[in-house]
Amino acid sequence: MTLALRVPEELSARVPAEQRGPGLDRDGVRLLVSRGTEVSHHGFRELPGLLRAGDLLVVNTSATLAAAVDGRVGDARVVVHFSTRGDDGRWAVELRDPDGRGTTRARAGGPKGTEVRLPGGARLVLEEPLSARGERLWWARVSGAEVPVVLREHGRAIRYSYTERDQPLSAYQTVFALASADGAGSAEMPSAARPFTARLVAELVSRGVQFAPVTLHTGVASAESHEPPYPERFSVPEASARLINAARAGDGRVLAVGTTAVRAVESAAGADGVVRARAGWTDLVVTPERGVRVVDGLLTGLHEPEASHLLMLEAVAGRAAIDRGYEAAVLGRYLWHEFGDVHLLLP
């Protein structure tokens, strides 16, 4: 799915909401609500009044990693984006070229055997492409240091060219983020949950809205070519599976917070629509043809018109609703990307 619209460059959110004016918090973003092709405009703080007792929000607890690390290939400077930790101790990585503005541009992948010198004496060697589809991401082995230590001591959050400046890693953590014991996490923030504050979560709970935590460690997005998502590690715990099934058995709606939460919960759902506790890797790509088995609605950021995520949105809400919502978002001057406004798709 590609939307037939152009998003003006000035609609990119360049800094987090709380830096856009005095007295603002993370929840100071706008909320576009789509019910089919009907749209309405709200502030995110109005969310509790738009949901109802018995609704269940599925939230991703993956913490964002300081996944960008400077390195050198020979005399050339590169930036390594650490994407996904494999079960064999290797990491899927993307090598990028610094662009002189504090961000990066795409670089040809490989070749096999390429060695990158990392800070602190660590070395990274590219071993094989992650996928036959392309050579953007490679499996690499790191020696001389543990990757979580390298990220903690020398890494920073991955940043794209539409943002104004580097931000502390805390700006990329959601209120639901939990550190993983093995150092795994998301290369990029599960950003749909970013506008939630502890105060807003408490208000939702007081109104009878429930939360089901799941985990999906998201890899590095293809900023230029908008490839479908690669396999990612996920976990749906038993308690969350029970909550989801109970909501579906009653009159509650299962609303995913972010496309990562959709991928996780749909990966744990059987053909009968029952969610069972699961953990491991998922290669599920949610498309309109596959449809959704569990999720009734979705809270998500605004995606580029060519992004592969839009197929998932279409699977949840239908093509007409997405077309109408995005048209309203451009006309209403909503802000795009991880620090931007959000879109609630309700049944």
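It should be emphasised that the depicted structure is a prediction, and the values quoted were computed from it without experimental measurement.

A. Examining the overall build of the chain more closely. Regarding its fold elements, the chain presents seven helices and 16 strands. Radius of gyration (C-alpha) of the chain: 20 Å, near the 20 Å computed for a compact globule of 347 residues. In terms of principal-axis extent, the alpha carbons of the chain reach across some 60 × 40 × 35 Å. When contacts within the chain are restricted to residue pairs at least 6 apart in sequence, long-range pairs at least 24 apart make up 70% of them. In the form shown here, the chain has an accessible surface area of approximately 14400 Å², with 50% of it arising from carbon and sulfur atoms. The centroid of the 41 positive side-chain charges in the chain is displaced by 2 Å from the centroid of its 43 negative side-chain charges.

B. Structural detail: the pattern of salt bridges. Scanning all chains against the criterion turns up 26 salt bridges. The shortest N-O distance in the salt bridge between Glu164 and Arg165 comes to 2.4 Å. Taking relative accessible area as the criterion, Glu164 reaches 49% and is therefore assigned partly exposed. Here Arg276 makes a salt bridge to Asp272, at a shortest N to O gap of 3.0 Å. Residue classification places Arg276 among the partly exposed positions, given a relative accessible area of 42%. Residues joined by salt bridges that share partners form a network here, namely Asp88, Arg90, Glu127, Glu128 and Arg141.

C. Layout of the sheet that holds strand β12 (residues 232–236). The strand order β2-β1-β16-β15-β13-β3-β11-β12-β14 describes an open sheet built from nine strands, whose pairing is mixed. Since the sheet does not close on itself, it has two edges, and those belong to β2 (38–43) and β14 (278–282), each with one partner. Averaged over all pairs of adjacent strands, the angle between their axes in this sheet comes to 20°, without regard to strand direction. Two strands pair when backbone bridges link them, and strand β13 (residues 254–257) and strand β15 (residues 297–301) are joined in this way by three bridges, in the parallel orientation. In the sheet register, Val257 faces β15, and the bridge partner there is Leu299. Sitting on the sheet, helix α4 (residues 238–249) is in contact with β3 (56–60), β11 (210–216), β12 and β13, with an inclination near 130° to β11.

D. Local environment of the layout of surface pockets. Its boundaries defined by the atoms lining it, the second largest pocket holds a volume of some 240 Å³. The wall of the second largest pocket is formed by 13 residues, among which Leu65, Ala66, Pro148, Arg152 and Gly183 lie closest to the centre. In the lining of the second largest pocket, the residues fall into eight nonpolar, four polar and one charged.

Conventions used here
- Residues numbered from 1 in each chain as written.
- Predicted model: local features only at pLDDT ≥ 70, side-chain atom pairs only at ≥ 80, totals over all residues.
- Heavy atoms only, no water.
- Helix = DSSP H or I, 4+ residues; strand = E, 2+ residues; numbered from the N terminus.
- Rg over C-alpha atoms; globule rule 2.2 N^0.38 Å.
- Contact = heavy atoms within 4.5 Å.
- Areas by Shrake-Rupley, 256 points an atom, 1.4 Å probe, with all protein chains shown as cover.
- Lys, Arg positive; Asp, Glu negative; His and termini not counted.
- Charge placed at Lys NZ, Arg CZ, Asp CG, Glu CD.
- Salt bridge = Lys/Arg side-chain N within 4 Å of Asp/Glu carboxyl O.
- Buried < 20%, exposed > 50% of the residue type's maximum accessible area, 1.4 Å probe, protein only.
- Pairing = 2+ DSSP bridges.
- Axes fitted to C-alpha atoms, helices over the stretch in contact; angles between N-to-C directions.
- 1 Å grid on protein atoms, 1.4 Å probe; cavity = no way out; pocket = protein on both sides within 12 Å on 5 of 7 lines; lining within 4 Å.
- Points joined across faces, edges and corners; volume = space filled by probe spheres on them.
- Nonpolar A, V, L, I, M, F, W, Y, C, P; charged D, E, K, R; others polar.

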